[in-house]
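Each chain, letter by letter, is given below.
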Amino acid sequence: MMFSNPWFWTALIATVGLWKLEMLATFLNMSALSPKVPKRLEGTVTEEEHERALEYARVSARFSVLSDSIQLGLFLGFWFAGGFGWVDHWVRGLGLGEIQSGLVLLSTLFVLQGLLILPFDWYDTFRIEAAFGFNKMTLGTFIMDRVKGLFLAALIGLPLLALLLHLFTSYPLAALYAWMVVTAFSLVLSFLSPRLILPMFFKFQPLEDAELKAAIMELSRKLEFPVAEVSVVDGSKRSTKANAFFTGFGKTKRIALFDTLLQNHSRDEILAVLAHEIGHCKRRHVPKQLALSVLSTGLMFALMHFAIHDPRLCAAFGITQPSVAWGFAFFGILFQPVSTLIGLLGSWMSRKFEFEADAFAREAMASPKPLVDALTRLTRDHLGNPTPHPFYVTLHYSHPPILQRLEALEAT
Ligand SMILES: [Zn+2]
């Protein structure tokens, strides 16, 4: 009876189709690797460093092909062997009410999925990233990060999930209410997370370099961008990869610089990176991205409205007694291709914003040079692939490839 169920085929095509798309993108990306240092990077990136970047790209690609395939295989195996039925049987055996058993069920699936991914995360961090000199994380930090993540997921996720389960079991227009609740919730969270959540993972300390701090304040005055605080984040505890970001809203902007950025870049480069980040704020990129995410949440709940009460959805995964919680879980699987499509739109928008922020930084620094220097250095230090395939870029890149950024910066 599974085989006459349209949801069964939709889910199968969705999961296998996405996997195939990923394989194609990775294959194309590997065939686009440039054996030689691209002309524009000659003089910045040595032949040896380029070799190493190619090796990093190949190793990462091989790993992602392997882990995607194993994860898909395990998922299909679990599904076809009736794994969802076992979980259902176990949860029903606990004899809880509808909402509680829904929470237990979804938490179980969440933990199972986390356990499935865990060995891959471990291998990526302690084998691949470590082999290329990026990883600085100890096993203790790795474990603690996951413990804190799980704690936060429970603290924040469970009450929200309980509310959503309640809405969908009680109201015909639940999808609409759920959209409003999730939107409000994510707004509050994006407001609180820099103050409450990030400090759980990173240590923030005031910037001690007085000269640099004065230069930053000078820049922020010139750009009419109010900065309340400049702090340094101990990114080096986890990775050698450098970064900078802003937190806070309105008048309480806090700049956070990764210590790795401070160690490896000149003052002008750091200022150019900051000007780029200020460009994102000035051009209102964050609210625009937030708007897209609110719209996509709306689309998700609208589709969910039509799917969730169809008993065939649960039947497609071997569940004979449908429930809202199972509906959530299975809809999540079916929604993946749509969310990939929305993701394409989101990363296209993000790449466009990067060009705008680069242009802003060029203007602010009155020269393209500092940002060009910073970007080429970052690419070199992060072993970035200078020639990714356009299809791979469309699918995965939130930032334009380095050569395109340099070209845009240096165009008159
Ligand atoms: Zn940016």
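Treat the numbers as computed from the prediction; the structure is a model and nothing was measured.

Observations regarding the UniProt feature "binding site: Zn(2+)" (unreviewed entry) in the chain
The sites that carry the UniProt feature "binding site: Zn(2+)" (unreviewed entry) are, in the present numbering, His276, His280 and Glu354. Across 79 residues of sequence, these annotated residues stay compact in space, with a maximum C-alpha separation of 8.3 Å. For His276, a relative accessible area of 6% corresponds to the buried category. For His276, the contacting residues outside a window of four places in its chain are Glu354, Ala357, Asp358, Ala361, Leu371 and Arg405. Residue position: Glu354 is located in helix 13 (residues 324-365). With relative accessibility at 5%, the residue Glu354 sits in the buried group. Here the side chain of Glu354 touches His276 through a polar contact of 2.8 Å, side chain to side chain.

Notes on the nonpolar core
Ranked by internal contacts, the top residues of the largest apolar core, which has 44 residues, are Phe168, Trp326, Phe328 and Phe330. Ranked by the residues each element gives to this core, the list is headed by helix 13, at eleven residues. For Phe330, the contacting residues outside a window of four places in its chain are Phe84, Leu313, Cys314, Phe317 and Ile319. If you look at the next biggest cluster of nonpolar residues, it comprises 37 residues, including Phe225, Val227, Val230 and Ala361.

Thoughts on the pattern of salt bridges
In this structure the tally under the stated criterion is 16 salt bridges. We note a salt bridge from Arg92 to Asp88, for which the minimum N-O separation is 3.1 Å. Here the residue Arg92 and the residue Asp88 both occupy positions in helix 3 (residues 83-93), the gap between them amounting to four residues, near one helical turn. Judged by its relative accessible area of 39%, Arg92 falls in the partly exposed class. Residue Asp88 is classed as buried on the basis of its relative accessible area, which comes to 10%.

Topic: the pairing of strand 4 (residues 253-258)
When you tally the buried positions in strand 4, you get six out of six residues, the bulk of the element. The two faces of strand 4 match: Lys253, Ile255 and Leu257 on one face and Arg254, Ala256 and Phe258 on the other face are all buried. By the bridge criterion, six bridges tie strand 2 (residues 227-233) to strand 4 in an arrangement that is parallel. The residue of strand 4 that forms the bridge with Val233 is Phe258.

Comments concerning the coordination of the zinc ion
All of the protein donors around the zinc ion are His276 (NE2), His280 (NE2), Glu354 (OE) and Glu354 (OE); their distances to the metal are 2.1 to 2.5 Å. Taken together, the four donor atoms surrounding the zinc ion define angles of 55 to 134° at the centre, an arrangement classified as irregular. Between the donor residues of the zinc ion, the gaps in sequence give the motif H-x3-H-x73-E. One end of the pair, His276, is in helix 10 (residues 267-282); the other, Glu354, is in helix 13, and 78 residues separate them in sequence. Each of the two residues, His276 as well as Glu354, counts as buried.

Some thoughts on unusual backbone geometry
Look at Glu224: it is not a glycine, yet its phi comes out positive at around 50°. Checked against the element boundaries, Glu224 lands in the loop between helix 8 (210-222) and strand 2. A relative accessible area of 66% means that Glu224 is categorised as exposed. Of note, Ala366 is a non-glycine position whose phi angle comes to about 60°, a positive value.

Some thoughts on the confidence of the model for the chain
Residues of the chain with pLDDT of at least 70 account for 98%, and the chain-wide mean is 93. Averaged pLDDT values for the elements of the chain fall to 67 in strand 3 (residues 244-247) and rise to 97 in helix 15 (residues 390-396).

Structural notes on empty space enclosed by the protein
Within the structure shown, the criterion is met by one cavity of 30 Å³ or more. Reported here for the largest cavity is a volume of approximately 70 Å³. Around the largest cavity, the lining residues are Leu41, Val45, Glu49, His50, Ala53, Thr379, Arg380, Leu383, Gly384 and Pro386. Mapped by element, the contributors of at least two residues to the lining of the largest cavity are helix 2 (47-80) and helix 14 (369-381). The residue makeup of the lining of the largest cavity, split by class, is five nonpolar, three polar and two charged.

Notes on the layout of surface pockets
For the second largest pocket, the calculated volume is near 1,900 Å³. If you go around the second largest pocket, you meet 46 residues; those closest to its centre are Gln113, Ala329, Gly332, Ile333 and Gln336. Counting only elements with at least two residues in the lining of the second largest pocket, the list comes to helix 1 (6-31), helix 2, helix 4 (98-131), helix 5 (139-170), helix 11 (285-307), helix 13 and helix 15. Per-element tally for the lining of the second largest pocket: the top contributor is helix 13, with ten residues. Residue composition of the lining of the second largest pocket, grouped by class: 33 nonpolar, eleven polar and two charged.

What counts, and where the lines are drawn
Residues numbered from 1 in each chain as written. Predicted model: local features only at pLDDT ≥ 70, side-chain atom pairs only at ≥ 80, totals over all residues. Heavy atoms only, no water. UniProt positions renumbered as here; feature names shortened; annotations may be inferred. Buried < 20%, exposed > 50% of the residue type's maximum accessible area, 1.4 Å probe, protein only. Contact = heavy atoms within 4.5 Å. Helix = DSSP H or I, 4+ residues; strand = E, 2+ residues; numbered from the N terminus. Polar contact = N/O pair within 3.5 Å; in protein donor to acceptor, adjacent residues only side chain to side chain. Core = buried A, V, L, I, M, F, W, Y, C linked by side-chain atoms within 4.5 Å. Salt bridge = Lys/Arg side-chain N within 4 Å of Asp/Glu carboxyl O. Pairing = 2+ DSSP bridges. Donors = N, O, S within 2.8 Å, 3.2 Å for Na, K, Ca; no water. Tetrahedral: all angles 85-135°; square planar, octahedral: opposite > 155°, others 65-115°. pLDDT = per-residue confidence, 0-100. 1 Å grid on protein atoms, 1.4 Å probe; cavity = no way out; pocket = protein on both sides within 12 Å on 5 of 7 lines; lining within 4 Å. Points joined across faces, edges and corners; volume = space filled by probe spheres on them. Nonpolar A, V, L, I, M, F, W, Y, C, P; charged D, E, K, R; others polar.

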